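Letter by letter, the chains look like this.
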Amino acid sequence: MKLVRTSSDNPDFEKLVVQLDAYLRVLDGDDHEFYAQFNKTSLLKNALLVYEDAIAVGIGAYKEYDSETAEIKRMFVLPEHRNKGIASKILTELENWAKEEKYSFSILETGYLQKDAIHLYQKMGYEVIENFGQYIGVENSICMKKTL
């Protein structure tokens, strides 16, 4: 397994984003367009790819939320590669990268139907917080935070 720091314009990252968006379109249903507007990847300078046998199998990224806080974005592992600890490795590497860039906190938003994601984030030390930013008042969103 190889982790590669890159940006969101990496072709392998872009290919997995297409699959992530298709997956979320099913989970989000009618709310997909609302969420999609906040998940544009053209602005992500901190993106991560995971390769197994030279094949991109997972992604994650973060962007600055404020001067102390990094927001985790675009976490995804191909279904056939799940339950191998890849998502935990992605999240740990993103957190380490954010700490290197002097962020003190990490926040994220996920959907209440994404049970595996919620479980992962809680296992990794994230706690549910009041919804932030564009997610305030959005019942389908769960926001979480961790001190880095």
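Residues numbered from 1 in each chain as written. Predicted model: local features only at pLDDT ≥ 70, side-chain atom pairs only at ≥ 80, totals over all residues. Heavy atoms only, no water.

### Some points on the environment of Thr92
Under the convention used in this document: For helices the rule is a DSSP run of H or I covering at least 4 residues; for strands it is a run of E covering at least 2, with both sets numbered from the N terminus onward. The buried label applies to any residue whose accessible area, calculated with a 1.4 Å probe on protein chains only, is under 20% of its type's maximum; exposed applies above 50%, and partly exposed to all values in between. Any N or O atom pair separated by 3.5 Å or less is treated as a polar contact, with the protein-specific requirement of one donor-capable and one acceptor-capable atom, and with residues adjacent in sequence counted only for side-chain atom pairs.
Counting through the fold element by element, Thr92 comes out in helix H3 (residues 86–100). For Thr92, a relative accessible area of 33% gives the class partly exposed. Separated by 2.9 Å, the side chain of Thr92 and the backbone oxygen of Ser88 make a polar contact.

### Quick look at the sheet that holds strand S3 (residues 55–66)
Counted only if it meets this: For two strands to count as paired, DSSP must find a minimum of two bridges between them. Each axis is a line fitted through C-alpha atoms, and for a helix only the stretch in contact is used; angles between axes span 0 to 180 degrees, taken between their N-to-C directions. By definition in these notes, contact holds between two residues if any of their heavy atoms fall within 4.5 Å.
Overall, mixed pairing links the seven strands, which are arranged S1-S2-S3-S4-S5-S7-S6 in an open sheet. Lying at the two open borders of the sheet, with one neighbouring strand each, are strand S1 (2–6) and strand S6 (127–129). In this sheet, neighbouring strand axes are inclined to one another by 30° on average, regardless of whether the strands run parallel or antiparallel. Both strand S4 (residues 69–77) and strand S5 (residues 105–111) contribute to a ladder of three bridges, which runs parallel. Within the sheet, the bridge partner assigned to Ala70 lies in S5 and is Ser106. Lying over the sheet, H3 contacts S1, strand S2 (46–52), S3, S4 and strand S7 (141–147), oriented at roughly 155° with respect to S4. Against the sheet, helix H4 (residues 115–123) touches S4, S5, S6 and S7, its axis set at about 160° to S5.

### Remarks on the nonpolar core
Here is a general trend for soluble globular proteins: nonpolar side chains tend to be buried in one another's company. Here is the rule we go by: For the purposes of this section, nonpolar cores are sets of buried Ala, Val, Leu, Ile, Met, Phe, Trp, Tyr and Cys residues that join through side-chain atoms within 4.5 Å.
Tyr62, Ile72, Met75, Ile90, Leu94, Tyr121 and Tyr126 are the most contacted members of the largest nonpolar core, which totals 36 residues. Elements represented by at least two residues in this core include exactly helix H1 (11–28), S2, S3, S4, H3 and H4. Here this core takes six residues from H3, the largest share from any one element. Among all residues touching Tyr121, those that are not within four sequence positions of it are Met75, Leu91, Leu108, Thr110, Tyr126 and Met144.

### Quick look at H4
Quick reminder of the rule: Note that the arc is defined by the directions from the helix axis to the C-beta atoms.
Looking only at H4, the buried set comprises Ala117, Ile118, Leu120 and Tyr121. Along the axis of H4, the buried residues cluster in a sector spanning 160°; they form a single face. Set apart from the buried face of H4 by more than 90 degrees, the exposed residues are Lys115, Asp116, His119 and Lys123. Taken together, the buried residues of H4 touch S4, H3, S5 and S7. One or two residues past the end of H4 sits Gly125, with phi positive at roughly 100°.

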